[in-house]
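Listed below are the residues making up each chain.
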Amino acid sequence: MSATLARHTVTAALTLSSALVLAACANPSDGGTTEVAATKGSTTKINLSPAQNRVTTGEVAAIAAEVPERIRKRGTLEIVVSSGSAAPLSFHATDNRTVIGVEPDIAHLVADVLGLEPHLTTVSWENVFVGLDSGKYDAGFSNITDTEERKEKYDFATYREDNLGFEAKKGSGLKVRGPADVAGRTVAVSSGTNQEKLLIEWSKENEKAGRKPVDIKYYQNDSDTYLALRSGRIDLYLGPNPTAAYHAATTGRTEVVGTYSGAGASLQGLIAATTKKDSGLVEPLADALNEVIRNGTYAKVLERWGLSEEAVSKSEINPPGLPKSNK
């Protein structure tokens, strides 16, 4: 759905249902697979091997012609994704080298439409933006949320809903519906993310209401975060809902105890292909995304990774995003 049509109240933005539910763990006998819920009542088997057999589509000459000349002459689309392991968004296959996930798959589809060879580079989260700033990379496909602050430096072509998930140790009894539920709680979050921004805002809101602030913790990697969660050093971990649901289902040690729109209480968050502002690439990116939405390959990719419920009906250029105040 579009950002304009997807505004929600706080009650609607908060839901305890996960968009992703796994039914089985990896099976070494068939190259590494797992089953996920594609839509309510149906499952799909995910291929975790390096032989991905990705969904492909054809070049559309009219859209390819929109690509800036310097990129067309080069013949490659320089794509950047975060190197963090975040299944089913972007992570490594069973060979521990090949980058797979819904983000690389969508990036490949866009490159197909533009008639370009996709060249994927993985970097740390902060270096996604450093590389876009310098022009080293043309576009970021890395679960990047459309925010008003980021729009000062980047252009966005949206392609998926953005929902955040609060993950707790299984059986914790915790439920997160709003700021009051995390008052005085120890919560881990990744630095520089919109999840961190939301958590800081909630902590301030708690203090203004006379409640305890959130004790925010930062860890170097997911393994350290989950060790802290299992040991009780933290109460909650706030991250992208698809990764939280995937981790909870595959390990059986944690559970998603609340979800929230990545754009705050009044707006459905959106994930977007991200390019340097005024680079001339955002229009062809959006047109390519709308082409794969129209021809059905986009839906096949989301179904393949169990993320059909995060589909959008069209790609929008720079729609309203997470407000600077997060209100």
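Residues numbered from 1 in each chain as written. Predicted model: local features only at pLDDT ≥ 70, side-chain atom pairs only at ≥ 80, totals over all residues. Heavy atoms only, no water.

Scanning all chains against the criterion turns up 14 salt bridges. Salt-bridge contacts for E69 lead to K73; the nearest nitrogen and oxygen are separated by 3.2 Å. Of this pair, E69 and K73 both sit in helix α3 (residues 69-74), separated by four residues, roughly a single helical turn. Ionic contacts of the salt-bridge type, sharing partners, join the residues R54, D105 and R304 into one network. (Salt bridge = Lys/Arg side-chain N within 4 Å of Asp/Glu carboxyl O. Helix = DSSP H or I, 4+ residues; strand = E, 2+ residues; numbered from the N terminus.)

Within the secondary structure, D222 sits in helix α7 (residues 222-231). Take D222: its relative accessible area is 29%, and that puts it in the partly exposed class. With sequence-adjacent residues up to four places away left out, D222 is seen in contact with S85 and Y237. (Buried < 20%, exposed > 50% of the residue type's maximum accessible area, 1.4 Å probe, protein only. Contact = heavy atoms within 4.5 Å.)

Turning our eyes to something else, we now look at the packing of aromatic side chains. How two aromatic rings sit relative to each other is given by the distance of their centres and the angle of their planes. This structure, assessed with the given rule, holds eight aromatic pairs. Centroid distance F166 to W202: 5.7 Å. Interplanar angle 15°. Geometry classified as stacked. In this pair, F166 sits in strand β8 (residues 154-169) while W202 sits in helix α6 (residues 194-208), placing the two residues 36 residues apart along the sequence. There is no split in this pair, since F166 and W202 are both buried. (Phe/Tyr/Trp six-rings, centres within 6.5 Å; stacked < 30°, edge-to-face > 60°.)

Glancing now at helix α4 (residues 102-114). Helical periodicity: at 3.6 residues per turn, an α-helix aligns residues three or four positions apart in one direction. Across its 13 residues, α4 extends 19 Å between first and last C-alpha, which sits within 8% of the 18 Å expected from 1.5 Å per residue. Of all 13 residues that make up α4, twelve are buried, and the element is covered over most of its length. Downstream of α4 by a residue or two, G115 has a phi angle that is positive, lying close to 70°. (Expected span 1.5 Å × (residues − 1).)

Formed by 46 residues in total, the largest nonpolar core has its most connected members in V102, I106, V110, L114, F141, L285 and W305. Looking at this core, the elements that each hand over two or more residues are β3 (76-82), β5 (99-100), α4, β8, β13 (269-276), α9 (282-295) and α10 (297-304). Residues within four places of I106 in sequence aside, it is in contact with F141, Y159, L289, Y298, V301 and L302. By size, the runner-up hydrophobic cluster in this structure holds 17 residues, among which are F166, L199, W202 and V214. (Core = buried A, V, L, I, M, F, W, Y, C linked by side-chain atoms within 4.5 Å.)

Glancing now at the packing of α4 against α9. Contact geometry for α4 and α9: axes closest at 9 Å, N-to-C directions at 105°. Classified by the angle their axes make, α4 and α9 are roughly perpendicular. Listed contacts from α9 to I106, L109, V110, V113 and L114 of α4 are P284, L285, A288, L289, E291 and V292. Among the residues making up the contact of α4 with α9, the classes are represented as ten nonpolar, no polar and one charged. (Axes fitted to C-alpha atoms, helices over the stretch in contact; angles between N-to-C directions. Parallel < 35°, antiparallel > 145°, perpendicular 65-115°, else oblique. Nonpolar A, V, L, I, M, F, W, Y, C, P; charged D, E, K, R; others polar.)

Attention now goes to the environment of L285. Take L285: it is sitting in helix α9. On a C-alpha basis, the gap between L285 and T275 in space is 9.2 Å, while along the polypeptide they are ten residues apart. Those residues in contact with L285, other than ones at most four positions away along the chain, are V110, L114, A139, F141, A157, A273 and T275.

What follows concerns helix α8 (residues 241-251). Along α8, eight of the eleven residues are buried, which leaves the element largely enclosed by surrounding structure. Taken as a whole, α8 has its buried residues at N241, P242, T243, A244, A245, Y246, H247 and A248. Of the residues flanking the end of α8, it is G252, one or two places downstream, whose phi is positive at about 75°.

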